[in-house]
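Spelled out from the first residue to the last, the chains are:
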Amino acid sequence: MKDWELVYEGFDPAEEGLREAMCTLSNGYFATRGAAEESVADEIHYPGTYIAGGFNRADTQIDGRTITNEDLVNCPNWLPLTFRTGDDRDWFDLSGEAPHTYRQALNLKTATLTREMSVTDRAGHRFVLRSSRLVHISKPHLAAIRYEITSRDWSGPLTIRSGLDGSVVNSGVPRYRDLNGQHLELVDSGTAGDGLVFVKVRTRQSRVEIALCARTRLFRDDAPIHSVAVPIESDGFVATDLTFDMRSGETVRVEKIVALYTSRDAAITESATEARATALRADSFADLESEHRRVWSGTWRRVDIEIQPADGVQLSLRVSLFHLFQTLSRNTIDLDAGAPARGLHGEAYRGHIFWDEVFILPSLTGKRPFITRSLLLYRYRRLGVARRLAADAGFRGAMYPWQSGSNGEEESQRLHLNPKSGRWIPDNSSLQRHVNLAIAYNVWRYFRITDDHDFLRLYGIEMLVEIARLFDSLTTPNETTQRFDIKQVMGPDEYHDGYPDRDEPGIDNNAYTNVMAVWLFATLVQWFEEAPPAVVADVSARLDLHGEEIARWADYSERMSIPFHDDRIISQFEGYGDLEEFDWEGYRRKYDDIQRLDRILDAEGDTPNRYKLSKQADVCMIFYLLPERQLASLLTGLGYQFDDDFVRRNVEYYLARTSHGSTLSSIVHAAVLAPIDSDRGWALFRSGLTSDLDDVQGGTTREGIHLGSMAGAIDIVEHRYAGLDLANDILHVNPRLPTAISQLRLRQQFRGRWYELTISDDQVEIALEPDGPGPASVSVMGRECIIEPGSTVHVDLRSS
């Protein structure tokens, strides 16, 4: 199972939070952190369960003001499962009894989490415990635990406690704990016979009912054990205590099957009724596991990427693939849920949806385009709110929020806590209007990969036009330069939210924002020129779009301001070249970790706004999203010079001035370095790929994985190293393997066809699956060839 198992040996309380996040199991409908069944929420453990799209708002009074936050709700904990002997009043608890041996393994191939440990309880009795857990991928309302107890030296009464905890709160992020985390109210709980316990809660503001029912059965070998059942209820916690006689040397198996429903679910009568019926009728653990494994086997056949030599990278890559495709699965499609930046793995970022979709969706689209479509429809359904947000701010079009949750309102905080200074400081991140450009980019990329004209006509073009209208109204003429400016925004960097000598927040002419706005304007102008007249007429009538608007967009595409300084270095924003250089070496000597320079400088009474420094890639995002040829066309069309050394010069300049305070930063820089300096790019790729496994931000991964950086690492392998170019009418393959990789094997879906590619230094092999819509043209390093369904072509790169 090498390269298929993420294994943690030994029990380490300080690492439990990280392990719980990395061992989260999900089916796209709900997810549960990899906490021990015997644990409760404390400073070591945090057994959270989260439902996709399951949000609730709560108010907190701070310094005489009301702060409202919307959170992804921590749902009732279905894991509780522990035991005690007849002469011990204490339940076994990992926090109280450190195991002698401990092994925890996340099996990526089967999507199961197992634990094995040898322990001594407080009464001195020795046991071996083995557990296996799954969150069922094809039965999205079911989860299951198999819990085996082997007695080394105890004979006598043993009691199993199996419960559901409806008293949970949101407290998984320490810096949020001053804010109200009470999101649930108890509706009902109890026992229902046949070994069933149930709990039903309701979110306090969004009024979503969540019902869980657990069925617990005991077995000695495969024979059911007769036990004495005692119901337990206390303040939202409900359990059954099952007592039986245990013999030294024997093993007893506990099977706990749990059903979870909400009032938002389709095709149900009532959530608690469905949960009880489903739990009662559910198959055994073995049967559920068999089906679960079979479905995951089919998923891996499509999404796996084999990399040689593995050298530790293979396992890390599969960890990323696993978390991407379990967080966003076919069960996501009907949920009206977005792609949360921190997965469904914890409470960081409150479960909100950011611009991280621009990193998440490319690989998803190439393997599961129907899931990308559903995620884009999450945005489309909130277009009305985005229009209102734009109007409220005095703009036309649609302005999507920087942080989105349940209904598309702006969920960004107005204040945030700096843990280094203890101060609440203004949060201007909602000025990151570029999130709208990311949405537009995602819509267009999905269309180009899938050729889904129905989606574009019914939904996509409306989003593109309304986002273009937003940037139309953000654009102002500059009489001095005879160009157009976009003022008072923020770029991806986030360290710069204003000028040191200006009171109002925001910076002007952020290069990334302006270039991507030009890309959008130019894309729409071309589409309206080339689309069938009947389609153009239909869209124009539906959106009240006239030729004057399109003419303005064409003008912006030729005269937008892009600031420069020094020797043709794109300025991150207007005035960037006038800022002070930062003392990088001095601060590296002064602090062990300078990733979060914004917090460090604020604690010192300073601000990043004074310096040439970046939290993460900003200008380099231009090179990440736009191919060099397309960027050259856009910039020269604006009247700016572009030479062969343009990208390298700018990448080197900004790489030297970036603190990598976001996990996305290493990903972007690794991607843009791939054609420039593959060895340095490879080092950054490995850093980005393992950023959560290594918890490079010093404790943040325990609050939730960084789904954008995981997916971004996959995207680098597919589109930078394998060189898949999906922007054309046929698949283009232009591999650029770093020296550390000798071979890649992967599958890609493009316009209704599945391709299997094997890429090495000297050859590209492409097989077309037999069930596609006919022969396909592909281009390998500029050489076009035809592949028949079920056949394979070989292209010798040495003769290219």
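Just so we're clear, the structure is a prediction, and the values are computed from it rather than from any experiment.

> Explanation requested: the overall build of the chain in the structure shown.
Counting secondary structure elements, the chain contains 20 helices and 34 strands. What you see for the chain is a C-alpha radius of gyration of 28 Å, in line with the 28 Å of a compact globule of 800 residues. In terms of overall dimensions, the chain has C-alpha extents of about 90 × 70 × 60 Å along its principal axes. Nonlocal contacts in the chain, meaning residues at least 24 apart in sequence, comprise 67% of its contacts between residues at least 6 apart. When the accessible surface of the chain is totalled, it reaches about 29200 Å², and 46% of it is carbon and sulfur. Once the 88 positive and 120 negative side-chain charges of the chain are each reduced to a mean point, those two points are 2 Å apart.

> Just to check I follow, could you spell out the sheet that holds strand β33 (residues 783–787) for this structure?
Working definition: the strands of a sheet are paired by backbone hydrogen bonds and lie parallel or antiparallel to each other. Strand order in the open sheet made by the 4 strands is β27-β28-β32-β33, with mixed pairing throughout. Looking along the sheet, the strands with just one partner apiece sit at the ends: β27 (724–725) and β33. In the sheet, strand β32 (residues 776–780) pairs with β33 via 5 bridges, with the strands oriented antiparallel. By the bridge assignment, Val778 is partnered in β33 with Cys785.

> So what exactly am I meant to see when it comes to the nonpolar core here?
One recurring pattern in soluble globular proteins: nonpolar side chains tend to sit buried together. One finds Trp355, Trp553 and Phe623 to be the most contacted residues of the largest nonpolar core, which totals 228 residues. A per-element tally of this core places helix α10 (residues 511–530) first, with 13 residues. Leaving out residues up to four positions away in the same chain, Trp553 has contacts with Val465, Ala468, Arg469, Asp472, Phe521, Leu524, Val525, Phe528 and Leu545. Core analysis: the next-biggest nonpolar cluster, separate from the first, contains 16 residues, Leu142, Ala272, Ala279 and Phe285 among them.

> So what exactly am I meant to see when it comes to the sheet that holds strand β7 (residues 81–85) here?
Pairing in this open sheet of 4 strands is antiparallel, and the strands run β7-β12-β18-β17 from one edge to the other. Sheet topology places β7 and β17 (228–234) at the edges, where each strand pairs with a single neighbour. On average, each strand axis in the sheet is inclined to that of its neighbour by 25°, with strand direction left out of account. Bridge count between β17 and strand β18 (residues 237–246): 7 bridges; the pairing is antiparallel. Within β18, the residue paired with Val228 across the bridge is Thr243.

> Can you help me understand the pairing of strand β5 (residues 55–62) in this one?
Two faces belong to every sheet, and in a regular strand the side chains alternate between them. In terms of strand pairing, β5 meets strand β6 (residues 65–72) through 8 bridges, oriented antiparallel. Residue Ile62 lies in a different strand from β6, and its bridge partner there is Arg65. Count of turn residues in the β5/β6 antiparallel hairpin: 2 residues, of which Asp63 carries a positive phi of about 50°.

> Sorry, what's going on with the environment of Ser561 here?
Inspection of the secondary structure puts Ser561 in the loop between α12 (547–559) and β25 (564–565). With a relative accessible area of 7%, Ser561 lands in the buried category. Along the primary structure Ser561 and Ile486 are separated by 75 residues, whereas in three dimensions their C-alpha atoms are 8.2 Å apart. Setting aside residues up to four positions removed in sequence, Ser561 forms contacts with Thr481, Arg483, Phe484, Asp485, Asn509, Asn514 and Tyr640.

> Would you take a moment to explain the packing of aromatic side chains for this structure?
Geometrically, a pair of aromatic rings is defined through the distance of the ring centres and the angle of the planes. All told, the structure shown has 37 aromatic pairs when counted by the stated rule. Between Phe484 and Tyr556, the ring centres sit 4.8 Å apart and the planes meet at 80°, which makes this aromatic pair edge-to-face. Of the two residues, Phe484 sits in strand β24 (residues 483–486) while Tyr556 sits in helix α12, which places them 72 residues apart along the sequence. The pair formed by Phe484 and Tyr556 is uniform in burial state, with each residue classed as buried. Put simply, the rings of Tyr349, Phe354, Trp355, Phe359, Trp402, Tyr512 and Tyr624 pair up and form one aromatic cluster. The ring of Tyr587 has Lys590 sitting right over it, with the charged end atom 5.6 Å from the ring centre.

> What's the story with the packing of helix α5 (residues 357–367) against helix α6 (residues 369–381) in this structure? I'm lost.
Helix packing geometry: the angle between the two helix axes and the distance between the axes. In contact at an axis separation of 6 Å, α5 and α6 are set at 145° when each is read in the N-to-C sense. Between α5 and α6, the contacting residues are Glu357, Leu361, Leu364, Thr365 and Lys367 on the first element and Pro369, Ile371, Thr372, Leu375, Leu376 and Arg379 on the second. Class assignment of the residues belonging to the contact of α5 with α6 gives a composition of 6 nonpolar, 2 polar and 3 charged.

> I would appreciate a short explanation of the pairing of strand β29 (residues 743–750) in the present structure.
The element β29 is largely enclosed, with a buried count of 7 among its 8 residues. Bridging between strand β20 (residues 306–308) and β29 involves 3 bridges; their strand directions are antiparallel. Considered in β29, the bridge of Ile307 is made with Leu744. Pairing of β29 with strand β30 (residues 753–760) involves 8 bridges; the strand directions are antiparallel. Within the sheet, the bridge partner assigned to Leu744 lies in β30 and is Ile759. Joining the antiparallel neighbours β29 and β30 is a turn of 2 residues, in which Arg751 adopts a positive phi near 50°.

> Mind showing me how you'd approach the side chain of Thr150 here?
With respect to the helices and strands, the residue Thr150 is situated in strand β11 (residues 142–151). Assessed through its relative accessible area of 11%, Thr150 is described here as buried. One polar contact links Thr150 to Arg130, side chain to side chain, over a distance of 3.3 Å. Only 2.6 Å separates the side chain of Thr150 from the side chain of Thr251, close enough to count as a polar contact. In contact with Thr150, not counting residues within four places along its chain, are Arg126, Phe127, Val128, Arg130, Met246, Gly249, Glu250 and Thr251.

> Hey, could you run me through unusual backbone geometry in this one?
Backbone geometry follows two general trends: most residues other than glycine have a negative phi, and most peptide bonds adopt the trans configuration. A cis amide bond links Gln308 to the next residue, Pro309, at an omega of -10°. With respect to the helices and strands, the residue Pro309 is situated in the loop between β20 and α4 (313–327). Of note in this structure, Asp336 is not a glycine but carries a positive phi near 55°. As for its placement among the helices and strands, Asp336 is situated in the loop between α4 and α5. Judged by relative accessible area, Asp336 falls into the partly exposed class, the value being 25%. One non-glycine residue, Arg751, lies in the positive phi region at around 50°.

> What should I look at first to understand the pattern of salt bridges in this one?
A side chain with one charge can pair with a side chain of the opposite charge if their charged atoms come near. Under the criterion given, the structure shown has 71 salt bridges. For Arg469, the salt bridge goes to Glu549, with nearest N and O atoms at 2.9 Å. In this pair, Arg469 sits in helix α9 (residues 453–474) while Glu549 sits in helix α12, placing the two residues 80 residues apart along the sequence. Residues Arg469 and Glu549 agree in their burial class; the two are buried. A salt bridge links Asp567 to Arg568; the nearest nitrogen and oxygen atoms lie 3.6 Å apart. According to the relative accessible area criterion, Asp567 is partly exposed, its value standing at 46%. What makes Arg568 partly exposed here is its relative accessible area of 32%. Among the ionic contacts, a cluster of salt bridges with common partners joins Glu185, Lys200, Arg202, Arg207, Glu209 and Glu270.

The rules we used
- Residues numbered from 1 in each chain as written.
- Predicted model: local features only at pLDDT ≥ 70, side-chain atom pairs only at ≥ 80, totals over all residues.
- Heavy atoms only, no water.
- Helix = DSSP H or I, 4+ residues; strand = E, 2+ residues; numbered from the N terminus.
- Rg over C-alpha atoms; globule rule 2.2 N^0.38 Å.
- Contact = heavy atoms within 4.5 Å.
- Areas by Shrake-Rupley, 256 points an atom, 1.4 Å probe, with all protein chains shown as cover.
- Lys, Arg positive; Asp, Glu negative; His and termini not counted.
- Charge placed at Lys NZ, Arg CZ, Asp CG, Glu CD.
- Pairing = 2+ DSSP bridges.
- Core = buried A, V, L, I, M, F, W, Y, C linked by side-chain atoms within 4.5 Å.
- Buried < 20%, exposed > 50% of the residue type's maximum accessible area, 1.4 Å probe, protein only.
- Axes fitted to C-alpha atoms, helices over the stretch in contact; angles between N-to-C directions.
- Phe/Tyr/Trp six-rings, centres within 6.5 Å; stacked < 30°, edge-to-face > 60°.
- Lys NZ or Arg CZ within 6 Å of the ring centre and 35° of its normal.
- Nonpolar A, V, L, I, M, F, W, Y, C, P; charged D, E, K, R; others polar.
- Polar contact = N/O pair within 3.5 Å; in protein donor to acceptor, adjacent residues only side chain to side chain.
- Salt bridge = Lys/Arg side-chain N within 4 Å of Asp/Glu carboxyl O.

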